[in-house]
Amino acid sequence: MVVHHDPAEAKLNQFNALNKEVEKQKQALEKLLASQQALEQSKRELEARNEALIQARDAAEAANRTKSNFLANVSHELRTPLNGILGYTQILQYNEDLNQEQKEGINIIHKSGEYLLTLINDILDLSSAESGNIQLYVTNLYLHDFFKSLTDLFKLRAAQKNIAFLYEPITSLPLVIEADEKRLRQIIINLLGNAIKFTKQGGICLKVGYQQGCLRLQVEDTGIGIAETDFERIFNPFQQVSDAHHKAEGTGLGLSITQRLVALMGGTIQIQSRLAYGTTFDVQLPLPAVYDYAIQQSVIPPATITGYVGEPRHLLIIDDKRENRSVLHNLLAPLGFNIEEAEDGVIALEKIQQTIPDLILTDLVMPKLDGFELTRRLRQDENQQIRTLPIIAVSASVFSGDQYLSSEAGCNAFLPKPVHLEELLACLQHYLNLVWIYEQHTEITLQSFNVQPLQVPLESLLQQLTPEQADTLFNLAMLGDVQHLIKYATDLGKYDNHLLPFMERICELARNFEVEEICALVHPHPTDLHS
Ligand code: ADP
């Protein structure tokens with residue numbers, strides 16, 4: 001068969017094929033355009049969603065700030081009446097006219113008040129921890145006193161639960177370290193508190209050691225234990241992994257705060273545990289040791305101070321709350337201070353122009369003219385005597401920045417409310433160069449403890465020293481550090497009456513530089529605890 005090729009028809013076919021191709025490409029382009037439009041639409045939707053999320057985040061942050069401010073304000077308001085309660089219990093504790101029963105009652109009010117204060121602080125900490133607002137305030141920390149007060153507290157709590165409590169130094173400890181005392185205490189209290197809470201039989205043990213600038217704390221218990229699968233979870237806020245009965249006793253926030261505090265201090269926290277056998281938390285904190293601190297500090301047992309040497313000093317107390325002024329007034333007037341009071345900064349300025357005080361104790365948050373502005377104005381006064389007045393901020397403010405702001409404004413020192421008498425007196429002593437007068441029978445020397453002549457052999461008294469105490473005495477004697485040795489022995493004698501005769505002997509030997517004899521006396525104690 002012959003096929004005719006018509007060129008026109010061929011052209012038409014070619015054209016049709018091209019047309020089809022163009023149509024196809026047009027459709028593809030339309031599809032592309034449609035998906036581009038769809039993409040743009042989803043982009044717009046995503047942007048809208050993102051915007052909504054940002055708004056929600058901003059709203060949540062604003063709500064969180066409001067909550068933090070609310071908590072801070074509530075806790076400020078709660079602290080003010082507590083200041084009155086704790087201030088007066090401190091005054092009444094030293095009142096000789098009270099009988100034993102009344103004194104015990106006052107003691108209970110004081111302890112309950114202190115407990116309430118701790119609760120308020122904890123609530124505030126939770127909100128600060130959540131918003132990452134915790135700051136560390138590092139001071140010199142006398143380890144002996146620190147662990148003594150902690151172990152006293154937990155011995156009591158363990159005894160109430162009929163379980164054992166052991167405190168075991170695993171190396172000798174420096175006399176003083178640099179640390180944020182409140183936060184370090186909080187870490188230990190959280191861990192020991194949990195250990196007690198989750199232990200029904202056996203006991204708990206706090207092991208403490210110090211090596212290469214690091215404080216090591218081990219809290220061991222023989223309690224219910226934690227499953228390995230829960231090791232990470234328990235550090236998350238509000239996570240509780242134990243049974244319903246135990247859950248009711250806590251909030252699930254202790255460990256997450258503890259972990260944040262440890263991290264803030266540059267340390268580590270580890271856990272070892274076995275269900276039904278017990279748990280060990282191991283904390284390492286880099287906290288530098290300070291050795292020459294003990295001799296710089298003066299010991300002020302407030303009950304024994306009756307006044308000071310020289311002319312009466314004039315103090316101006318400024319606070320808008322009458323009960324706060326009254327607490328300070330009643331604490332200080334019996335010691336011979338002339339006291340003037342003012343309820344705000346404006347009245348204070350007038351009073352200062354009339355009579356210039358020797359020192360000012362001022363609240364920070366007050367109506368009309370607050371403590372910050374008052375201090376700023378005084379620091380710019382044309383009278384040099386007013387410009388250089390010692391000003392101590394006394395504040396229940398819980399905003400950590402307020403301490404910094406008060407120092408920026410020109411305050412010399414900051415005392416938190418409720419005021420601790422020891423801190424207040426130490427501050428006054430420093431800024432007024434005071435020399436305290438003590439009650440005759442309670443001078444702070446070992447002789448003042450009315451010790452009976454030594455009847456028991458020294459060796460048997462030695463048994464009452466803890467290995468850590470013996471080690472510290474031994475090390476100080478080896479170093480020939482007589483000043484610290486006397487200070488340490490004096491403190492030991494003060495804390496434990498049984499040790500007094502022995503400590504007297506140590507001090508006597510130290511004063512005569514008979515350090516070898518001291519070493520020989522305390523040597524029988526095992527030093528193999530060092531690691
Ligand atoms: P809380 O103790 O207030 O519940 P924490 O954050 O301190 O909160 O602890 C979280 C959880 O970790 C506890 O609820 C408990 O389940 C577990 N836990 C913590 N310490 C121990 C311990 N020593 N023994 C057993 N379980 C513990």
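Residues numbered from 1 in each chain as written. Predicted model: local features only at pLDDT ≥ 70, side-chain atom pairs only at ≥ 80, totals over all residues. Heavy atoms only, no water.

**Some remarks on the overall build of the protein chain**
Stage number 1. The number of helices and strands found in the protein chain is 17 helices and 15 strands.
Stage number 2. Going through the 531 residues of the protein chain one by one, you find that 43% of them count as buried.
Stage number 3. Looking at the protein chain as shown, the accessible area adds up to about 29500 Å², and 54% of this sits on carbon and sulfur atoms. (Helix = DSSP H or I, 4+ residues; strand = E, 2+ residues; numbered from the N terminus. Buried < 20%, exposed > 50% of the residue type's maximum accessible area, 1.4 Å probe, protein only. Areas by Shrake-Rupley, 256 points an atom, 1.4 Å probe, with all protein chains shown as cover.)

**Describing the nonpolar core**
Stage number 1. Ranked by size, the top nonpolar core spans 42 residues in total, and within it Phe147, Ile177, Leu184, Ile188, Leu217, Phe281 and Leu285 carry the most contacts.
Stage number 2. When residues of this core are traced back to their parent elements, those giving at least two are α3 (143-160), β3 (176-179), α4 (181-197), β4 (203-211), β5 (214-221), α6 (254-264), β6 (268-274) and β7 (278-286).
Stage number 3. The element contributing the most residues to this core is α4, with seven residues.
Stage number 4. The contacts of Phe281, once residues within four sequence positions are left out, are Leu191, Leu217, Gln218, Val219, Ile226, Ile234, Phe235, Leu255, Ile269, Gln270 and Ile271.
Stage number 5. If you look at the next biggest cluster of nonpolar residues, it comprises 27 residues, including Ile305, Leu424, Leu428 and Trp436. (Core = buried A, V, L, I, M, F, W, Y, C linked by side-chain atoms within 4.5 Å. Contact = heavy atoms within 4.5 Å.)

**Describing the side chain of Thr362**
Stage number 1. Position of Thr362 among the secondary structure elements: in strand β12 (residues 359-362).
Stage number 2. Excluding residues that lie within four positions of it along the chain, Thr362 makes contacts with Ile318, Gly371, Leu374, Ile391, Ile392, Ala393 and Val394.

**Section: unusual backbone geometry**
Stage number 1. We note that Gln212 has phi near 45°; this positive angle belongs to a residue other than glycine.
Stage number 2. Relative to the assigned elements, Gln212 resides in the loop between β4 and β5.
Stage number 3. With a relative accessible area of 84%, Gln212 lands in the exposed category.
Stage number 4. For Asn433, which is not glycine, the phi torsion reads 50° and is therefore positive.
Stage number 5. The residue Asn433 is located in the loop between α12 (421-432) and β15 (436-438) in this model.
Stage number 6. When its relative accessible area of 65% is taken as the criterion, Asn433 is described as exposed.

**Details of the sheet that holds β7**
For sheets, the rule is that strands pair by backbone hydrogen bonds, running either parallel or antiparallel.
Stage number 1. Across the sheet, which stays open at both edges, the five strands sit in the order β2-β4-β5-β7-β6 with mixed pairing between neighbours. The open sheet terminates on both sides in strands that have one partner only, identified here as β2 (164-169) and β6. Looking at each pair of strands side by side, their axes are set apart by 10° on average, direction ignored.
Stage number 2. Note that β5 and β7 share eight bridges and pair antiparallel. Note on β7: the bridge partner recorded for Leu215 is Leu285.
Stage number 3. Docked against the sheet, α4 engages β2, β4, β5, β6 and β7, running at close to 15° with respect to β5. (Pairing = 2+ DSSP bridges. Axes fitted to C-alpha atoms, helices over the stretch in contact; angles between N-to-C directions.)

**Comments concerning a nonpolar patch on the surface**
Stage number 1. A cluster of nonpolar side chains, Phe70, Val74 and Leu78, forms an exposed patch at the surface whose accessible area comes to about 260 Å².
Stage number 2. Structurally, Val74 is set in helix α1 (residues 7-93).
Stage number 3. On the basis of relative accessibility, which here comes to 31%, the residue Val74 falls in the partly exposed class. (Patch = residues over 30% accessible without salt bridge, like charges linked within 9 Å, V, L, I, M, F, W, Y side chains within 5 Å. Salt bridge = Lys/Arg side-chain N within 4 Å of Asp/Glu carboxyl O.)

**Brief notes about helix α16 (residues 500-511)**
Stage number 1. With twelve residues, α16 extends 16 Å between its outermost C-alpha atoms, agreeing within 8% with the 16 Å of an ideal straight helix rising 1.5 Å per residue.
Stage number 2. Of the positions making up α16, those classed as buried are Leu500, Pro501, Phe502, Met503, Ile506, Cys507, Leu509 and Ala510.
Stage number 3. Following α16 by one or two positions, Phe513 adopts a phi angle in the positive range, close to 60°. (Expected span 1.5 Å × (residues − 1).)

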